Number of protein chains: 2
Amino acid sequence: MAFDLSSVFPKLQLLMTSDHASVVSMNLFVALLCACIVIGHLLEENRWVNESITALLIGLCTGVVILLIRRGRSSHLLVFSEDLFFIYLLPPIIFNAGFQVKKKQFFVNFITIMLFGAVGTLISCAIITFGVSQSFKQLGIGSLDIGDYLAIGAIFAATDSVCTLQVLNQDETPLLYSLVFGEGVVNDATSVVLFNAIQSFDLNQLDSGIALKLLGNFLYLFIASTLLGVLTGLLSAYIIKKLYIGRHSTDREVALMMLMAYLSYMLAELCYLSGILTVFFCGIVMSHYTWHNVTESSRVTTKHAFATLSFVAETFIFLYVGIDALDIDKWRFVSDSPGKSIAVSSVLLGLLLVGRAAFVFPLSFLSNLAKKSPSEKINFRQQVIIWWAGLMRGSVSMALAYNQFTMSGHTQLRSHAMMITSTITVVLFSTVVFGLMTKPLIRYLLPNVKHISSAVTTESNTPKSHTVPLLGASQDSEADIDGNSLIRPSSIRLLLTTPTHTVHRYWRKFDNAVMRPVFGGRGFVPVEPGSPTEPNGHQWQ
Amino acid sequence: MAFDLSSVFPKLQLLMTSDHASVVSMNLFVALLCACIVIGHLLEENRWVNESITALLIGLCTGVVILLIRRGRSSHLLVFSEDLFFIYLLPPIIFNAGFQVKKKQFFVNFITIMLFGAVGTLISCAIITFGVSQSFKQLGIGSLDIGDYLAIGAIFAATDSVCTLQVLNQDETPLLYSLVFGEGVVNDATSVVLFNAIQSFDLNQLDSGIALKLLGNFLYLFIASTLLGVLTGLLSAYIIKKLYIGRHSTDREVALMMLMAYLSYMLAELCYLSGILTVFFCGIVMSHYTWHNVTESSRVTTKHAFATLSFVAETFIFLYVGIDALDIDKWRFVSDSPGKSIAVSSVLLGLLLVGRAAFVFPLSFLSNLAKKSPSEKINFRQQVIIWWAGLMRGSVSMALAYNQFTMSGHTQLRSHAMMITSTITVVLFSTVVFGLMTKPLIRYLLPNVKHISSAVTTESNTPKSHTVPLLGASQDSEADIDGNSLIRPSSIRLLLTTPTHTVHRYWRKFDNAVMRPVFGGRGFVPVEPGSPTEPNGHQWQ
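Residues numbered from 1 in each chain as written. Chains lettered and ligands numbered in written order. Predicted model: local features only at pLDDT ≥ 70, side-chain atom pairs only at ≥ 80, totals over all residues. Heavy atoms only, no water.

As recorded in an unreviewed UniProt entry, chain A goes by the name Sodium/hydrogen exchanger, listed as coming from Acacia crassicarpa. Regarding chain A, the relevant UniProt record gives this comment under Sequence similarities (unreviewed entry): "Belongs to the monovalent cation:proton antiporter 1 (CPA1) transporter (TC 2.A.36) family." (UniProt positions renumbered as here; feature names shortened; annotations may be inferred.)

Would you mind showing me how to read the overall build of chain A here?
Scanning chain A from N- to C-terminus turns up 21 helices and zero strands. Of all 541 residues assigned to chain A, the portion counted as buried reaches 63%. Within chain A, residue pairs in contact and separated by at least 24 positions form 82% of the contacts whose partners lie at least 6 positions apart. Accessible surface for chain A amounts to roughly 20,200 Å². Of this, 67% is attributable to carbon and sulfur atoms. (Helix = DSSP H or I, 4+ residues; strand = E, 2+ residues; numbered from the N terminus. Buried < 20%, exposed > 50% of the residue type's maximum accessible area, 1.4 Å probe, protein only. Contact = heavy atoms within 4.5 Å. Areas by Shrake-Rupley, 256 points an atom, 1.4 Å probe, with all protein chains shown as cover.)

I'm lost on the packing of aromatic side chains in this one. Help?
For any pair of aromatic rings, geometry is given as the distance between the ring centres together with the angle between the planes. All chains considered together, the criterion is met by 50 aromatic pairs over all chains. Considering the side-chain rings of Phe29 of chain B and Phe316 of chain B, the 5.0 Å spacing of their centres and the 40° angle between planes classify their relative orientation as tilted. Linking Phe29 of chain B in helix α2 (residues 20-42) with Phe316 of chain B in helix α13 (residues 296-324), this pair joins segments that are 287 residues apart in sequence. One exposure class covers both Phe29 of chain B and Phe316 of chain B, and it is buried. An angle of 65° between the planes, with centres 6.5 Å apart, marks the rings of Phe136 of chain B and Tyr149 of chain B as edge-to-face. Remark: Tyr149 of chain B occurs in helix α7 (residues 146-157) and Phe136 of chain B occurs in helix α6 (residues 110-139); sequence separation between them is 13 residues. As far as the burial class goes, Phe136 of chain B and Tyr149 of chain B line up, both buried. Pairwise contacts between aromatic rings join Phe106, Phe107, Phe110, Tyr177, Phe181, Phe222, Phe280 and Phe281 of chain A into one cluster. The ring centre of Trp291 of chain A lies 6.0 Å from the NZ or CZ of Arg299 of chain A, which sits over that ring. (Phe/Tyr/Trp six-rings, centres within 6.5 Å; stacked < 30°, edge-to-face > 60°. Lys NZ or Arg CZ within 6 Å of the ring centre and 35° of its normal.)

Would you mind going over helix α2 (residues 20-42) of chain A with me for this structure?
It helps to recall that an α-helix has 3.6 residues per turn; residues three or four apart then point in one direction. In a regular helix each residue adds 1.5 Å, so 23 residues correspond to 33 Å; α2 of chain A covers 33 Å between its end C-alpha atoms and thus fits that length. Most of α2 of chain A sits out of view: 18 of its 23 residues are buried. (Expected span 1.5 Å × (residues − 1).)

What exactly am I supposed to notice about the nonpolar core here?
In this structure, Phe136, Ile152 and Leu256 of chain A together with Phe136, Ile152, Leu168 and Leu256 of chain B are the most contacted members of the largest nonpolar core, which totals 270 residues. If sequence neighbours within four positions are ignored, Ile152 of chain B has contacts with Ile128, Val132, Phe136, Leu144, Leu348, Phe405 and Met419 of chain B. (Core = buried A, V, L, I, M, F, W, Y, C linked by side-chain atoms within 4.5 Å.)

Sorry, what's going on with the pattern of salt bridges here?
Once their charged atoms are close, side chains differing in charge can pair, the charge on each being opposite to the other. Residues and elements named next belong to chain A. Taken as a whole, this structure holds six salt bridges over all chains when the rule is applied. In this structure, the salt-bridge partner of Glu296 is Arg299, at a minimum N-O distance of 3.2 Å. You can see Glu296 and its partner Arg299 sitting in helix α13 (residues 296-324), three residues apart, about one turn around the helix. For Arg299, a relative accessible area of 2% gives the class buried. (Salt bridge = Lys/Arg side-chain N within 4 Å of Asp/Glu carboxyl O.)

What's the story with the packing of helix α11 (residues 250-270) of chain B against α13 of chain B in this structure? I'm lost.
Residue and element names in this part refer to chain B. Running from N to C, α11 and α13 point in directions that differ by 40°, and their axes come no closer than 10 Å. One element, α11, and the other, α13, form an angle in the oblique class. The two elements α11 and α13 cross, and the hand of that crossing is right-handed. Between α11, through Thr250, Glu253, Val254, Met257 and Met258, and α13, the contact on the second element is made entirely by Ser297, Ser298, Thr301, Thr302, Ala305, Phe306 and Leu309. In the contact of α11 with α13, the residues fall into six nonpolar, five polar and one charged. (Axes fitted to C-alpha atoms, helices over the stretch in contact; angles between N-to-C directions. Parallel < 35°, antiparallel > 145°, perpendicular 65-115°, else oblique. Left-handed = near helix turned anticlockwise from the far one by under 90°. Nonpolar A, V, L, I, M, F, W, Y, C, P; charged D, E, K, R; others polar.)

Help me understand unusual backbone geometry in this model?
The phi torsion at Tyr272 of chain A lies on the positive side, around 55°, for a residue other than glycine. When you line up the elements, Tyr272 of chain A lands in the loop between α11 (250-270) and α12 (275-293).

Following this line, the structure appears as C-alpha cells:
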C-alpha cells in the first residue's frame with residue numbers, strides 16, 4: 001500500500017531541527033517580504049515598475065549583500081526548490097486566479113484560448129527545439145540529446161501565468177488578460193503532456209500513431225483535470241449548502257473552502273493530472289456556487305484572504321528567484337567561457353521572440369476568421385500586446401529547468417550547468433526588461449483604455465465588457481437571471497451570429513433549472529451580493 | 001556571519017522531492033482535516049465532545065486503519081516534528097488568541113495570571129519533579145538523572161494553551177478563560193527559563209544565588225518578550241497608518257499584518273526569547289491599534305482569516321497527535337513490561353492532579369485576600385474549574401518530551417522510550433477524559449452561566465463583564481472614550497477600592513493623549529466599528 005506517511009515526516013524532522021541558522025533565514029525572508037510590500041505600495045503610482053520587478057530587484061540586492069558579507073565564498077547559497085514552488089506557492093496563485101477571473105470573458109474566448117494554449121504552445125515548442133538543436137551544435141555546447149532539446153522547447157514555450165497576472169490588468173484589458181492568462185493555464189496541460197511524452201516515447205521515430213497518442217493524452221488530461229476541479233468545487237458547494245455550516249461558525253466555512261481547493265490540487269497531482277488546470281476550474285466553480293452559499297463575512301474573508309495568499313506567494317517567488325540567481329556555484333561553471341554563455345542566452349531570447357510571434361499572429365488571424373462582428377476581432381495592436389505580454393518566463397520555467405538539468409540541486413555536466421545559468425539569465429532579462437516595457441507599451445498602443453491605478457477604484461467600478469460587448473448588453477450577463485431578459489429583442493441578431501451566445505443561453509437555462517437549486521449560487525441564497533469579481537464596493541471598502 | 005540560508009533550503013529540497021508517497025500523505029491529511037471540520041460541525045450541539053477530541057479520535061482511527069493496511073509492520077509510521085509544531089502551527093494559534101482576547105478582562109486579572117503562570121508553575125514543577133524522582137526509583141525505571149526529572153516536571157507542569165482554548169469559552173466564562181489561558185501563555189516564559197536553567201546551571205547545588213539568577217532570568221525574558229511583541233505591533237500600526245496602505249490595496253494591509261505578526265514570533269526565537277509571549281502581546285497591540293487603521297474589508301478579513309488559520313492549526317495538531325500515538329515502534333520498547341508502563345502513566349497523572357491542586361487553591365486564596373468586593377473573588381467552584389480545565393496536557397508537552405528524550409525521532413534508552421509512551425498516554429487520557437468532562441463540569445458547577453452554542457449568537461451578543469463588573473459599568477470600558485465618562489459618579493467608590501482601576505484610568509488617558517494620535521486605533525480613524533472581540537454582528541454575519 002502507498003500509505004507511506006513516514007516519507008514526509010522524518011524529512012520534516014530533518015528540515016527543521018530548529019538550528020539557529022534556519023531561524024535567521026526565515027527572519028530575513030519575512031522581513032524582506034514586508035519590505036517588498038511597503039516598497040511596492042510606495043511605487044504603486046509609478047508607470048514602469050510592478051510588484052514582481054520590485055521583489056526581483058530586492059532579491060538581487062539581498063543576494064549581493066549576502067555575497068559581500070560572506071566574502072564571495074558562498075558555496076550553495078540556496079537551492080531553488082521546485083517542490084516548495086509546486087506544492088505550496090503555485091496552488092494559491094492559480095486558485096485565486098480562477099476564483100477572481102471574469103468567468104464570462106473567459107468562456108466567451110474559450111476556443112481562442114484553447115487554440116493559443118495547445119496549438120500555439122506546440123508551434124512555439126517546435127520552433128525553439130529546432131532552433132536550439134541547430135544553433136547549439138554550432139556553438140559547441142555538447143552532450144545534450146534530443147530529449148534535452150525537447151525539454152528546452154517545453155521550458156521556454158510555456159507562458160508564465162504568474163508573470164501575466166502581474167503585467168496585465170483584468171479590469172483595464174479584460175480580453176488580453178483572459179487570452180494570455182488562459183493560455184498560460186491551458187498551457188500547463190500541454191506541458192505535462194509534452195514532458196510525459198519526452199520521457200515515455202521513443203522520440204527518434206515520430207509517426208502519426210505517436211502524434212495521435214499525444215493528442216489523446218492531451219484531451220484525456222485536459223478533460224480529466226477539468227472534471228476533477230469542477231467536481232471538487234461542486235462537492236464543496238453541496239456540503240456547505242446542505243449542512244449550512246455557517247450556522248455555527250464562519251471559520252469552518254472559510255477553512256473548508258481553503259482545504260477543499262487545496263485538496264483538488266493535491267488530488268490532481270495524485271492522479272498525475274494537471275494540478276494547475278484542476279485548481280483553476282475549482283476556483284471558477286467555487287466562485288460561481290460555493291461563494292454564494294457562505295455567510296456574508298465569509299464572503300469578504302475568502303475574497304480577500306485568497307487574494308492575499310496569492311499576493312504573498314507571488315512576491316515570495318520573485319524574491320526567491322532574485323536571491324537564488326546569485327548563487328555563485330552555478331556561475332563558477334560558466335565563468336571561464338562567458339562569451340558562450342551570453343551567446344546561449346541571446347539565442348534563447350531570440351527564439352522566444354520568434355517562437356511566440358510564429359503562433360500569435362497566425363492563430364489570431366484564424367480566430368478572427370471565425371468571428372463576424374469587427375468588435376470581437378483581435379486587432380493588430382492587441383496581437384502585438386498578446387505577443388509581448390506572454391514573453392516573460394518566470395518561476396515555472398526555472399522549476400522545470402531544475403527538474404530537467406539537476407539532480408537534487410547539483411549539476412553534474414557542464415552543458416547542464418550552462419542551461420541552468422541561461423535559464424536564470426532569460427528569466428531575469430525577460431521579467432525585468434520585457435516586464436518594465438509592458439505597461440508603457442499598452443499605454444502607447446491602446447491609449448484609450450481606462451487606466452485604473454488603485455484597488456479601491458477597481459472595486460467600485462469594473463469597466464468590463466466594454467472591449468467585447470458580445471451579449472449586446474453592457475451589464476454582466478449573470479445579472480439577468482429573470483426569464484424576460486432572455487427574449488431581449490436587441491440580442492436576437494447577435495444570437496444568430498455567435499454560437500457562443502447560444503451555448504451560453506443553454507448553459508444559463510441549465511444552471512438555473514438544475515445546478516443552482518442543488519449547489520446554491522446567486523439567487524438561491526437569502527442575501528444577494530455580487531460575485532468575487534465585482535463586489536458592491538459601497539458596503540465595505 | 002549567520003546568514004546561512006543554505007541550511008534551510010537544501011533541506012526543503014530533501015523534504016519534497018515530489019515522491020508520490022508524500023503526495024499521498026498530504027492528500028490523506030487534507031482530506032482528514034475536511035472530515036474533522038464537517039464532523040465537528042455535526043457534533044456542535046453535543047454537550048460532551050469538542051473539536052479537539054473529534055480530531056484526536058479521527059487521528060486514532062486513521063492510525064488503526066493504516067496499521068491494519070500495513071499489517072502491523074509499520075516501522076516509524078510518522079515522527080512528531082517539534083519544529084513543524086513550534087514554527088508553523090503554534091504561532092497562528094497564540095497570535096489569534098491575543099488578537100481576539102478580551103483585553104480588559106486580561107489586564108484586570110493580570111496579577112493573578114502572573115501568580116498562576118510563574119509561581120504556580122514552579123510549585124507544580126517542584127512537586128512533580130519530587131514525586132517522579134521518588135516513585136521512579138521504586139518502580140525501577142533506571143538511568144534518569146536529575147536533569148531528566150526536572151525536565152519531566154517542566155513538561156507536565158505546563159498548561160496547554162491550545163487545549164484551554166478548546167474547552168473554555170471566552171464568552172461563557174470570561175474570568176476562568178482569561179485566568180487559565182493567561183496562565184498558559186505566561187507559563188511559556190517560565191518553561192523557557194526552567195529549560196535553560198536545567199541545561200546551564202549545576203543543579204546539584206541549589207543556593208540562593210542561583211535562585212536569584214533564575215528570577216532575574218525570568219523577569220528579563222518576560223519583559224523583553226513583551227516589549228518585542230508590543231514594539232512589532234506598534235510598528236505595524238504606524239506603517240499602516242502613516243502610509244495609508246489600504247488606499248491602493250486591501251491585500252497589502254492583510255499581508256503586512258500577517259507577516260509582521262509572524263516576524264515578531266521569529267524575532268523572539270532569534271533572540272532566544274519566548275515567542276509565545278511575544279506573539280501574544282503582538283496580537284493584543286494589533287487588535288488595539290493596527291486593526292483600526294485598516295479598511296473595513298481588511299478588518300473583516302483579518303478577524304476571520306486569523307481565526308480560521310488558528311482553527312485549522314489546532315485541528316491539525318490534534319489529528320497529528322492522534323495518528324502519531326499509534327506509531328508501533330515506540331510501543332515495542334515497552335510492550336514486554338506493560339504493567340510498569342501503566343504504573344508510570346498513572347503516577348504521572350496522579351502527580352498532575354496533585355501538583356495543580358497544590359497551587360490553584362492556595363494562590364486563589366492569596367489572590368482573594370487582595371480583593372475587597374466579593375464579586376471579584378474567585379469562589380470555590382470557580383477554583384475547581386480552574387484546577388480541572390488546566391489539567392489537560394497536549395502537543396506542547398509532546399513536543400517538549402520529544403525534545404528531551406529523543407535524538408531526531410529515535411530513542412536510544414529504554415527509560416527514555418518509556419517516558420515518550422507515558423507522555424502519549426497522559427496526553428491522550430487527559431485530553432479525552434478530562435476534556436470530555438470539562439463542559440459537563442462547568443454546567444454542573446456554574447449552572448447559571450449563559451451557554452452559547454453557536455458562533456453567530458456569540459457575535460451578536462457578548463455577555464462579557466457580567467462575571468466581573470470591575471469598572472462599575474456593564475458596557476465595555478473601551479467604548480467610553482469621551483471624557484465625561486471618566487467622572488461617572490457610580491465608579492468613584494470602586495475607584496478607591498481597586499488600584500487596577502486607577503492604573504486603567506491613567507492608561508486610558510495616556511492612550512488617548514499620546515498613543516492613539518500616533519498609532520491610530522478606535523476613534524482615530526474615519527469609520528468606527530467594534531474591536532475584533534466584539535464586532536457589530538448585524539452588519540455581516
